[in-house]
Structure formats: C-alpha cells, structure tokens
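One letter stands for each residue in the lines below.
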Amino acid sequence: DTAVSQTPKYLVTQMGNDKSIKCEQNLGHDTMYWYKQDSKKFLKIMFSYNNKELIINETVPNRFSPKSPDKAHLNLHINSLELGDSAVYFCASSHRDRNSPLHFGNGTRLTVT
Amino acid sequence: AQSVSQHNHHVILSEAASLELGCNYSYGGTVNLFWYVQYPGQHLQLLLKYFSGDPLVKGIKGFEAEFIKSKFSFNLRKPSVQWSDTAEYFCAVKMGARNNNDMRFGAGTRLTVKP
C-alpha cells in the first residue's frame with residue numbers, strides 16, 4: 001500500500017531517556033514534515049525537509065534532532081526526554097509545491113513518565 | 001505573522017443539523033487552503049482543498065467549503081451532519097515558495113454529533 005508509515009505507534013518511556021521515531025513514505029514525495037499534536041489537539045510544525053535538506057526548523061528544543069537519510073525517510077530523535085514532550089507526533093509528506101496536500105502517518109503517541 | 005484561526009473550539013449538533021465551521025487566515029500572498037478531519041484516535045485525512053477557480057469546492061462525505069478572498073475566509077459546511085461526522089476538523093493554509101511552502105494549521109474544531 002502507498003502510505004506514510006511511522007513507528008512505533010506507542011512509545012512509553014521515562015524522563016531522561018533518548019528515543020527515536022521513524023517515518024517512511026512511498027508516495028514519491030520530496031518533502032517530509034514532523035508535527036507535534038498536544039493534548040488540546042493543537043498541531044505545531046516542528047521540522048520540514050525537502051530532498052534531505054532542512055527547510056523549516058521551528059523553535060524546537062535542540063534535544064529534538066531530525067535526520068533524513070534519503071527523501072523517503074525522516075526520523076526524529078529525542079534526547080533527554082521531558083514530561084512536556086508527551087504528545088502525539090505526526091509525520092507527513094507532500095510534493096513541495098503549494099498545490100500539494102500533506103499526507104499524514106498514523107501518529108506516534110509518546111508518553112514520558 | 002501568518003496564522004490560521006478557527007473560531008469554534010467545540011461544536012455540538014444533533015443529527016441532520018446543518019454545519020458551518022469558520023476559518024480565517026492572515027497571509028498576504030497566494031495560498032492554497034485545505035480542510036482536514038481527524039476521527040478519534042486516527043490520523044488527519046484530507047476533506048477538501050482549494051487552489052483556484054470556483055471558490056465553492058466540494059469534498060468527500062458531503063462536505064463543501066467556500067473561499068471568500070475579501071474576507072480571508074474558508075468556511076466548511078455540510079447541510080446535514082451524521083453521528084459518524086464526530087471528529088476534530090482542521091483548517092490549513094499552505095503558503096508559497098517564499099515561505100518554503102510551509103503548511104500551517106488552525107487550532108481545530110471538535111464536532112460532536114448527538115444521535
């Protein structure tokens with residue numbers, strides 16, 4: 001199936017740990033995104049990559065580090081996890097042009113205890 | 001700064017009622033506009049989109065939206081809602097190349113449809 005897939009779906013971890021979330025798309029898109037959705041459902045863009053190049057880097061703690069090994073993958077590594085990092089993280093992809101909608105992954109629910 | 005505003009935080013309707021969810025954006029350049037739906041526990045799915053042409057666009061599941069350029073608005077409508085429309089609805093704006101084709105979302109409107 002063509003899709004944006006992210007793993008894991010659920011991630012429960014303790015404060016101070018380091019964790020990664022992986023994202024892959026096979027839609028042939030050249031741009032990938034990470035969004036954070038908080039408990040109030042607010043969606044905030046974190047990063048955007050176009051052809052492996054970082055193009056959007058919002059005000060996000062530098063504990064969050066995206067990595068794009070190729071244009072079909074965008075992983076998110078988080079160091080020294082904090083309670084406030086608990087949220088649902090969505091990966092998305094699109095063509096870069098303005099006309100292209102975003103296609104979202106199923107989300108990763110991160111719970112930091 | 002560019003922003004997307006959704007006026008209603010939570011809307012509660014009975015089945016068969018008509019729906020209109022407000023969305024306004026602030027961005028001076030050319031934008032493309034989208035509505036997404038997020039059913040409970042699921043990811044965001046595209047409902048409809050506006051690029052150009054007829055300002056009244058029709059999407060899936062009987063939804064439509066009207067772009068009013070002078071009001072910077074893109075309101076979502078449905079003549080008769082169903083219980084299965086209970087979900088979170090997000091308005092989104094995708095900007096041009098000057099803004100790295102960035103896509104910004106409104107805060108979302110939760111729709112609860114009572115059977």
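Residues numbered from 1 in each chain as written. Chains lettered and ligands numbered in written order. Predicted model: local features only at pLDDT ≥ 70, side-chain atom pairs only at ≥ 80, totals over all residues. Heavy atoms only, no water.

Draft legend 1. Quick peek at unusual backbone geometry. Residue P8(A) is bonded to the preceding T7(A) through a cis peptide linkage, with omega at -5°. Here P8(A) shows up in the loop between β1 (4–7) and β2 (10–13). Positive phi, close to 75°, is recorded for K52(A), a residue that is not glycine. Within the secondary structure layout, K52(A) lies in the loop between β5 (43–50) and β6 (53–57). In this model, F72(B) sits at a positive phi of 50°, which is unusual for a non-glycine residue. On the secondary structure map, F72(B) appears in the loop between β8 (64–68) and β9 (73–78). (Helix = DSSP H or I, 4+ residues; strand = E, 2+ residues; numbered from the N terminus.)

Draft legend 2. Structural detail: the state of the cysteines. Enumeration according to the criterion identifies two disulfides over all chains in this entry. Between the sulfur of C23(A) and that of C91(A) lies a disulfide, 1.8 Å long from S to S. Between C23(A) and C91(A), the S-S dihedral sits near -80°, and the bridge is therefore left-handed. A residue pair is termed long-range when its members are at least 10 positions apart, and C23(A) in strand β3 (residues 19–25) and C91(A) in strand β9 (residues 87–94) qualify at 68 residues. Exposure class is identical for C23(A) and C91(A). Each is buried. A disulfide bridge connects C23(B) with C91(B), and the sulfur atoms are separated by 1.9 Å. The sign of the S-S torsion, about -70°, decides the handedness of the disulfide formed by C23(B) and C91(B): left-handed. Of this pair, C23(B) sits in strand β4 (residues 23–26) while C91(B) sits in strand β10 (residues 87–94), and the two are 68 residues apart along the sequence. With respect to burial, C23(B) and C91(B) carry one shared label: buried. (Disulfide = S-S within 2.5 Å. Buried < 20%, exposed > 50% of the residue type's maximum accessible area, 1.4 Å probe, protein only.)

Draft legend 3. Structural context of the environment of F42(A). On the secondary structure map, F42(A) appears in the loop between β4 (31–37) and β5. Sequence separation of F42(A) and Q25(A) is 17 residues, and the distance between their C-alpha atoms is 24 Å. Residues in contact with F42(A), not counting those within four places in the same chain, are K36(A), Q37(A) and A107(B). (Contact = heavy atoms within 4.5 Å.)

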